[in-house]
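For reference, the chains in residue letters:
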Amino acid sequence: MSKAHFGLVGLGVMGENLVLNAERNGFSSVVYNRTFSKTESFLSGRGAGKSISGARDLKEFVDSLERPRRILLMVKAGGATDNVINQIAPLLEEGDLLIDGGNALFSDTERRVKELESKSFGYIGMGVSGGAKGALEGPSMMPGGTKASYDAVEALLSKMAAQVEDGPCVTYIGPGGSGHFVKTVHNGIEYGIEQILAEAYDLMKRTCGMNCDAIADVFRHWNATEELCSYLVEITEICLRTKDPIDGSDVVEKIMDKAGQKGTGLWTVISALELGASVPTIYASLNARVMSSMKSQRTKAQSILKEPSAFSFDLGDISTGMSPVMDAVVLSTIASYAQGMDLLLLASKEYEYDFHMPSIAQIWKGGCIIRSKLLKRIQNAYNNDNQLSNLLVDPWFASQVQRRLPGLSKVVSCAAQAGIPVPCFSSTLDYINSYRTARLPQNLVQAMRDCFGSHTYERVDKEGSFHTNWLD
Ligand code: NBP
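None of the values given here were measured: they were computed from a predicted structure.

1. Let's talk about empty space enclosed by the protein
Applying the stated criterion across every chain, the model contains one cavity of 30 Å³ or more. Taken as a whole, the largest cavity encloses approximately 80 Å³ of empty space. Surrounding the largest cavity, 15 residues form its lining, Ile193, Ser230, Thr333, Tyr337 and Ser372 being those nearest its centre. Put simply, the parts of the chain that give the lining of the largest cavity at least two residues each are α8 (178-208), α10 (231-241) and α14 (323-350). Among the elements that line the lining of the largest cavity, the one with the most residues is α14, at three residues. Here the residues of the lining of the largest cavity sort into 10 nonpolar, three polar and two charged.

Here it is as structure tokens:
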């Protein structure tokens, strides 16, 4: 029997769809899953009639693959991935290649790359984005490891990836854990945008009394603009229009207001703090999920901490796309991307990943959850300057800030008066106002630090390190 071109371990939502994608693109495949009954039901279900076979154990799986073997792991990140690697590594031979497509912590991938490359077979840590549909139809993929390992699977990955006007949504990201680092930051940006869209929905509902269909109309309008045309805006409209089949009411209004998280948003913020990147919009979205989980405390507090008395303000109307709210959404979305890209640049220097920023923007233009028209502008900005200090100072983005800052400011101040939380909008406003302020009040912070702890300070009028005897 001829050997398969491609092997997949882990028949979860992602693995199932990725192996169907590989097979559709001409790569006969073999699958292995810890629980064999899942393999059987896959092969008799979605995998039936295709060039996909199943293996009962890892030895049979490895023996069914042509050499050098190309094996994609799509199992739960963390200990499960280590377990599978420990079981499969002794069965591999020189030149074989393992790809971890799970959402691994990038430092775990660094460790695994070091351990496994020394065993003479290749190891790639690859971020995959696009959910189930993207995995089947073409995801965005972010592979990191040695260039030689990437070259060995480039043809396979290029065929499986989403395609946009300037190529497939996959590229060599860089060494070690760089692919998983980029995927982590992608998810951090995603957290930000999801919260931004939720804040817009909340404002329109609570200040304008709009129902889900009316708000969905606004999202449809936004999705037709260059600034906001994106997958997340598109699915937000769908979510808002979807009705409960039982009583025809809006499903969204029946969903518990507690948002889950699996770690990548947290890892983004931890990395940002470690590297000294300012990511307040992304952090605000993470904190909003944490706050949302405190449902019983919030319910109790609502009756104790009264909201401000009646207010009124003008957010525009649907025909103008609720323009101040749109300004707030556009600038906060830009801030999410800007903060994520800034974090990538710092990581590129600190970890010697040598990121090619335009290529990262390019592979996010299709297949992934944060795909949007804005990414073309981001790609252009970094094509002009791969080390651009911040997207906000690129001419096109700067013009957006200039034009939309009054709208964002209005939304934040009105929301504050109405007692409506808009953590991403307000963090973005502070972020932009801070970033465009040449002199911040940290001179006083430095004075205090020197006063109580003799930490010294620099001066604006001469070089050196200074101390004042403040308390004498
Ligand atoms: P899950 O994250 O739910 O993982 C399911 C797979 O992991 C099954 O094949 C399961 O085998 C296997 N597994 C587990 Br759980 N523990 C194992 C262990 N100790 N040893 C061996 N296998 C084990 O599936 P998923 O949602 O398809 O995600 C797969 C990976 O892709 C994850 O790392 C995830 O973070 C990442 N990812 C997910 C998405 C998404 O939208 N879902 C998007 C991008 C990336 P079993 O059948 O025997 O339990």
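2. Comments concerning the domain arrangement of the protein
Domain parsing of the protein yields domain 1 (6-176), domain 2 (183-435) and domain 3 (442-472). Here the C-alpha centre of domain 3 lies 55 Å away from the C-alpha centre of domain 1.

3. Overview of the pattern of salt bridges
Where charged atoms of side chains with opposite charge meet at close range, the side chains can pair. In this structure the tally under the stated criterion is 33 salt bridges. With a shortest N-O distance of 3.7 Å, Arg241 and Asp213 are connected by a salt bridge. Of the two residues, Arg241 is situated in helix α10 and Asp213 in helix α9 (residues 212-223); the sequence distance between them amounts to 28 residues. A salt bridge links Arg220 to Glu237; the shortest N-O distance between them is 3.2 Å. On the criterion of sequence distance, the pair formed by Arg220 in helix α9 and Glu237 in helix α10 is long-range, its members being 17 residues apart. When salt bridges with common partners are traced through the structure, they connect Asp213, Asp217, Arg220, Glu237, Arg241, Lys243 and Asp250 into a single cluster.

4. Points about the site of the ligand
For the ligand, the set of nearby residues contains 21 residues, the closest of which are Met14, Asn33, Thr35, Lys38 and Val75. Between the ligand and the protein, one listed contact pairs an oxygen atom with a backbone N or O atom of Leu11 at 3.2 Å. A distance of 2.4 Å separates an oxygen atom of the ligand from a polar side-chain atom of Thr35. For the ligand, whose unbound accessible area comes to 900 Å², protein coverage reaches 77%. Taken together, the elements giving at least two residues each to the shell around the ligand come down to α1 (13-24) and α4 (79-88). Considering every element that reaches the shell around the ligand, the biggest residue donor is α4, with three residues.

5. Describing unusual backbone geometry
Note the cis peptide between Arg67 and Pro68, where omega equals -5°. Here Pro68 lies in the loop between α3 (58-63) and β4 (70-73). A positive phi angle is found at Asp354, which is not glycine, with a value near 55°. Here Asp354 lies in the loop between α14 and α15 (357-363). In this structure Asp354 comes out as exposed when scored by relative accessible area, which is 67%. Residues other than glycine seldom take positive phi values, yet Ser454 does so here, at roughly 50°. Here Ser454 lies in the segment after α19 (442-453). Its relative accessible area of 46% is what places Ser454 among the partly exposed residues.

6. Remarks on the layout of surface pockets
Considered as a void within the structure, the second largest pocket measures approximately 290 Å³ in volume. Along the walls of the second largest pocket sit Arg439, Leu440, Gln442, Asn443, Gln446, Ala447, Tyr457, Glu458, Arg459, Val460, Asp461 and Trp470, which together make up its complete lining. Along the lines of polarity and charge, the residues of the lining of the second largest pocket split into five nonpolar, three polar and four charged.

7. Let's talk about the side chain of Ser271
Among the secondary structure elements, Ser271 is positioned in helix α11 (residues 264-275). What makes Ser271 buried here is its relative accessible area of 5%. If we skip the residues at most four places from it in the chain, Ser271 touches Phe106, Phe181 and Leu343.

8. Brief notes about the nonpolar core
Within the largest apolar cluster, 89 residues are counted, with the highest numbers of intra-cluster contacts made by Trp222, Leu344, Trp364 and Phe425. In terms of residue count, α14 provides more of this core than any other element does, 15 residues in total. Looking at which domains feed residues into this core, each of domain 1 (6-176) and domain 2 (183-435) gives three or more. Setting aside chain neighbours within four positions, we find Leu344 in contact with Phe181, Val182, Val185, Phe355, Met357, Ile360 and Trp364. Counting 27 residues, the second-largest nonpolar core is a separate cluster that includes Val31, Leu72, Ile124 and Ala135.

9. Let's talk about the pairing of strand β5 (residues 97-100)
On β5, burial covers both faces: Leu97 and Ile99 on one face and Leu98 and Asp100 on the other are all buried. Examined bridge by bridge, β4 and β5 share four bridges and lie parallel to one another. Counterpart to Leu72 in the pairing with β5 is Ile99. With α4 bridging β4 and its parallel neighbour β5, the resulting β-α-β unit is right-handed.

10. So, a nonpolar patch on the surface
Taken together, the side chains of Leu444, Val445, Met448 and Phe452 present a nonpolar region at the surface, about 420 Å² in accessible area. Tracing the chain through its elements places Phe452 in helix α19.

11. A closer look at the environment of Val233
Looking at the element boundaries, Val233 is found in helix α10. Along the backbone, Val233 and Ile370 are 137 residues apart, and their C-alpha atoms lie at a distance of 9.8 Å. Residue contacts for Val233: discarding those within four places in its chain leaves Leu197, Phe219, Trp222, Asn223 and Leu228.

Reading the values: the criteria
- Residues numbered from 1 in each chain as written.
- Predicted model: local features only at pLDDT ≥ 70, side-chain atom pairs only at ≥ 80, totals over all residues.
- Heavy atoms only, no water.
- 1 Å grid on protein atoms, 1.4 Å probe; cavity = no way out; pocket = protein on both sides within 12 Å on 5 of 7 lines; lining within 4 Å.
- Points joined across faces, edges and corners; volume = space filled by probe spheres on them.
- Helix = DSSP H or I, 4+ residues; strand = E, 2+ residues; numbered from the N terminus.
- Nonpolar A, V, L, I, M, F, W, Y, C, P; charged D, E, K, R; others polar.
- Domains from an automatic or database assignment.
- Salt bridge = Lys/Arg side-chain N within 4 Å of Asp/Glu carboxyl O.
- Near = heavy atom within 4 Å.
- Polar contact = N/O pair within 3.5 Å; in protein donor to acceptor, adjacent residues only side chain to side chain.
- Areas by Shrake-Rupley, 256 points an atom, 1.4 Å probe, with all protein chains shown as cover.
- Buried < 20%, exposed > 50% of the residue type's maximum accessible area, 1.4 Å probe, protein only.
- Contact = heavy atoms within 4.5 Å.
- Core = buried A, V, L, I, M, F, W, Y, C linked by side-chain atoms within 4.5 Å.
- Pairing = 2+ DSSP bridges.
- Right-handed = clockwise from strand over helix to strand, strands pointing away.
- Patch = residues over 30% accessible without salt bridge, like charges linked within 9 Å, V, L, I, M, F, W, Y side chains within 5 Å.

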